[in-house]
Amino acid sequence: MYNVSAKYFYMNYSLISILGFLYSLFYFFYGLNNAAAQPNINSNLPCYSIATAVDGTSILYELNSATSQWKVVDQINRNNVKALAVVNSTNTIYTVHQNKLGTINPITAEFSDVGTIGSGNGAYGNIILNDIYGLTYVPYQNALYATHRIYSYNSATNSALANSNDILFKINPSTGKIVLGAFDFGYDYVKIQEIANSTISVPTIYDVSDIAFDPSSGELLVLHGYQLALNDIITSNSLEDGTTETIKTLLFKPSIGITYDAFFDVFVTTLPDLNNSNYSGDIYKVNILSSDATRVGTLDPSLTEPVKFNCLNCLKNSVSIVNCQPIIYLNDYSPARSNYNAQVDIYSNDKILSTSTTYRAGNSVTLSNDFSVPANVNFTAKIESCN
């Protein structure tokens, strides 16, 4: 099926299926200011979060990979910033302020406009997309996906307005504009399916707090909730139409940010717990299959006024081939991610869209039996020596 010659091997397959695409992931080192935030994520690469105060002031935090401590970068020169996504291949932090997509400088926290997102048409008609809560990057599409809030919860009646689903849309990261006609029927956005569960305090959830791309399934992890006790659920949702594929877990306390870390463990941020003088909230590691959760720590125990860590995102892996492993398993997710310290991981759930694609890995590459490439694609895997 394939030929091996020197340091290259070439493969041509006739089956069309979901298959591997690469993340080109780079080391990311930045200077930091000092703060007292302490929680530790199982990661050797930076994670980022944005804390927003009652007055709208937004501050960028970074997890220092050397010390495993959260530290303040600086105040962002925009208020009420609630969403964040990192792109490993370009070392870019994206965020949204009102109707503008922008980038954040990881050293100064300065927001720079990329472009105006604009408006989109769909089931609710034309909507200006200016209240973004969830943001994530999908590498095989080189696109950002975002959620816009359609408010539904009524605190006076402790109920939700029916048919007020938040919506999912796609952004071109180069222009900052919505990708028009990205969904079926030429729609520019789709509704994210509501979640009904009789065990939660408001039985139907229409609001979305955050999203994260799941590289193991090619779908979205969606954190649903009204930021109430016993009212948050994580689901796996389709990128194609926003429908729920699987209900993953019922969360233990109000959670507002979600991400994978460098080893593809799931972490969430929670609301402040003012009754216990916790003004930042906590960070938890969540087993989305068993619903178990482990408290990692308080996000910033030095705070004396409440803030919300609305979003959370981590860089995923490094391209350095220093001390790289001698073998890379492309479709094997069971070993610890720390074993994948070579130039590239290829994810079997993603699609090869280019007619000429080259991937690079360590001393050898192992393909599972279901790995395939469309017949019109010339696929090359380049084997780089660890020496």
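A few points on the structure. No experiment lies behind these values; they were computed from the predicted model shown.

What counts, and at which threshold
- Every chain is numbered on its own, with residues counted from 1 as its sequence reads.
- With pLDDT at 70 or above as the cut-off, local features in this predicted model cover only qualifying residues; side-chain atom pairs require 80 or more to be listed or tallied, and sums for whole chains, interfaces and linings still use all residues.
- Processing note: side-chain calculations cover all non-hydrogen atoms of the structure and skip hydrogens and water entirely.
- For helices the rule is a DSSP run of H or I covering at least 4 residues; for strands it is a run of E covering at least 2, with both sets numbered from the N terminus onward.
- Burial classes: relative accessible area under 20% of the type maximum marks a residue as buried, over 50% as exposed, and values in between as partly exposed (1.4 Å probe, protein chains only).
- Should any heavy atoms of two residues lie within 4.5 Å, those residues are considered in contact.
- Working definition: rings of Phe, Tyr and Trp (its six-membered ring) pair if their centres are within 6.5 Å, and the pair is stacked with planes under 30 degrees apart, edge-to-face with planes over 60 apart, and tilted otherwise.
- We define a salt bridge as a contact between a side-chain nitrogen of Lys or Arg and a carboxyl oxygen of Asp or Glu at a distance within 4 Å.
- Strand pairing is defined by DSSP finding a minimum of two bridges between the two strands.
- As a rule, the C-alpha atoms of each element are fitted with a line to give its axis, helices using only the stretch in contact, and angles between N-to-C directions run from 0 to 180 degrees.

The number of helices and strands found in the chain is zero helices and 34 strands. Every one of the 387 residues in the chain was classed for burial, and the buried ones make up 53%. Contacts in the chain between residues far apart in sequence, at least 24 positions, make up 56% of those at least 6 positions apart.

If you check the backbone angles, alanine 109 has positive phi at about 65° while not being a glycine. Here alanine 109 is to be found in the loop between strand E9 (100-104) and strand E10 (111-116). With a phi close to 55°, asparagine 163 is a non-glycine residue in the positive phi region. Counting through the fold element by element, asparagine 163 comes out in the loop between strand E16 (159-160) and strand E17 (167-171). Assessed through its relative accessible area of 57%, asparagine 163 is described here as exposed.

Moving on, we get to the packing of aromatic side chains. Under the defined criterion, the tally for this structure stands at five aromatic pairs. Look at tyrosine 124 and tyrosine 189: their rings are 6.4 Å apart centre to centre, the planes differ by 25°, and that puts the pair in the stacked class. Of the two residues, tyrosine 124 is situated in the loop between strand E11 (119-122) and strand E12 (125-128) and tyrosine 189 in strand E18 (residues 189-191); the sequence distance between them amounts to 65 residues. Consider the rings of tyrosine 140 and phenylalanine 213, whose centres lie 6.4 Å apart with planes at 55°: the pair is tilted. Of the two residues, tyrosine 140 sits in the loop between strand E13 (132-138) and strand E14 (143-148) while phenylalanine 213 sits in strand E21 (residues 208-214), which places them 73 residues apart along the sequence.

Glancing now at the pattern of salt bridges. On inspection of all chains with the given rule, the structure shows seven salt bridges. Among the salt bridges present, the one from aspartate 131 reaches lysine 82, with a minimum N-O distance of 3.4 Å. Placement of the pair is aspartate 131 in the loop between E12 and E13 and lysine 82 in the loop between strand E6 (69-79) and strand E7 (84-87), with a sequence separation of 49 residues. Each of the two residues, aspartate 131 as well as lysine 82, counts as buried. Residue arginine 295 pairs with aspartate 282 through a salt bridge whose shortest N-O separation is 3.3 Å. Pair noted here: arginine 295 is in strand E28 (residues 293-298) and aspartate 282 is in strand E27 (residues 282-286), with a separation of 13 residues, a long-range link. Judged by its relative accessible area of 5%, aspartate 282 is buried. When salt bridges that share partners are traced, they join Arg149, Asp166 and Asp207 into one network.

Next up on the list: the pairing of E12. Alignment of E11 against E12, held across four bridges, turns out to be antiparallel. Across the sheet, asparagine 121 pairs through a bridge with asparagine 126, a residue of E12. Joining the antiparallel neighbours E11 and E12 is a turn of two residues.

A separate point is the sheet that holds E9. Consider a sheet: its strands pair through backbone hydrogen bonds, and that pairing is either parallel or antiparallel. Taken in spatial order, the four strands line up as E7-E8-E9-E10 in an open sheet, and their pairing is antiparallel. Only two strands of the sheet have a single neighbouring strand rather than two, namely E7 and E10. This sheet shows a mean twist of 30° between the axes of neighbouring strands, independent of strand direction. Pairing geometry for E9 and E10, over five bridges, is antiparallel. Counterpart to isoleucine 104 in the pairing with E10 is phenylalanine 111.

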